[in-house]
Amino acid sequence: GQGLSFDGVNDYISVPHSLYLSPYTGLWTVSAWIKTTVSSGYILCKSDSINGCGLGAVEDYRLYVEGGKAAFSFNPGNTSAVTSTSTTIIADGGWHHIVGERTGSLTSAIYVDGVLQASDTGSGAQTNIVTDKSLFIGTKYASGGFFNGFIAEVRIYNRVLTPAEIKRLYNMVR
């Protein structure tokens, strides 16, 4: 397989803000192919803070590796993050297709290699996720959370994909 190589030290891509990258209250999907042997690092992050994702009551969404597992999280800003974490270890040096979805106002889901691994339901009031900062690929911000490995085929959809569509995406590239 091929993809962009990230060294885990200082490599990342910054995609300038676009309204198409800010999901607001809608339901949406993010996906990427990754290959890593490292147990933590950010695949992508879009936050309303210049300091990046995962900082408490900050509106953001992120796809990342934590404890060797894939995770997808979003935070509407006034609640704790809604996070789904896979059951499968993906830091094994093989290519994996990772899909995170906001399936409801306070619900998320994570798929690995075309299979639903987990879902989560948060609490609190649903609000918009509004961010006018850049989308980062390979980090959670320009100076931390760097990904070590390969990232390919990053996609963001303005809707929830069906399980059949996710399986088809996995099988297309596999």
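Parameters at a glance
Residues numbered from 1 in each chain as written. Predicted model: local features only at pLDDT ≥ 70, side-chain atom pairs only at ≥ 80, totals over all residues. Heavy atoms only, no water. Salt bridge = Lys/Arg side-chain N within 4 Å of Asp/Glu carboxyl O. Buried < 20%, exposed > 50% of the residue type's maximum accessible area, 1.4 Å probe, protein only. Pairing = 2+ DSSP bridges. Helix = DSSP H or I, 4+ residues; strand = E, 2+ residues; numbered from the N terminus. Axes fitted to C-alpha atoms, helices over the stretch in contact; angles between N-to-C directions. Phe/Tyr/Trp six-rings, centres within 6.5 Å; stacked < 30°, edge-to-face > 60°.

Visitor: Just to check I follow, could you spell out the pattern of salt bridges for this structure?
Guide: Two side chains with opposite charge may pair up if their charged atoms get near one another. Scanning the model with the defined rule gives three salt bridges in all. With a closest N to O distance of 2.4 Å, aspartate 60 and arginine 62 form a salt bridge. With respect to class, aspartate 60 is no different from arginine 62; both count as buried. A salt bridge links glutamate 165 to arginine 159, with the shortest nitrogen-to-oxygen separation between them at 2.9 Å. Judged by its relative accessible area of 38%, arginine 159 falls in the partly exposed class.

Visitor: Would you take a moment to explain the sheet that holds strand E12 (residues 148-157) for this structure?
Guide: Two orientations exist for strands paired in a sheet by backbone hydrogen bonds: parallel and antiparallel. What the six strands build is an open sheet, ordered E1-E12-E3-E8-E9-E10; its pairing is antiparallel. With partners counted over all chains shown, the strands left at the sheet margins are strand E1 (4-7) and strand E10 (115-121), one partner each. The sheet shows a mean angle of 25° between the axes of neighbouring strands, direction not considered. In this structure, strand E3 (residues 28-35) lies alongside E12, joined through six bridges in antiparallel fashion. Within the sheet, the bridge partner assigned to serine 31 lies in E12 and is arginine 155.

Visitor: Whenever I open this one, the packing of aromatic side chains confuses me. Can you help?
Guide: The relative placement of two aromatic rings is captured by the distance of their centres and the angle of their planes. Applying the stated criterion to the full structure yields nine aromatic pairs. Here tryptophan 28 and tyrosine 61 contribute two aromatic rings whose centre-to-centre distance is 4.8 Å and whose plane-to-plane angle is 50°, an arrangement assigned as tilted. On the criterion of sequence distance, the pair formed by tryptophan 28 in strand E3 and tyrosine 61 in strand E5 (residues 60-66) is long-range, its members being 33 residues apart. Judged by relative accessible area, tryptophan 28 falls into the buried class, the value being 3%. Look at tyrosine 61 and you get buried, because its relative accessible area is 1%. An angle of 15° between the planes, with centres 5.7 Å apart, marks the rings of tryptophan 33 and tyrosine 170 as stacked. Of this pair, tryptophan 33 sits in strand E3 while tyrosine 170 is found in helix H1 (residues 163-173), placing the two residues 137 residues apart along the sequence. The same class applies to tryptophan 33 and to tyrosine 170, which are both buried.

By themselves, these figures tell us nothing about what the structure is for.
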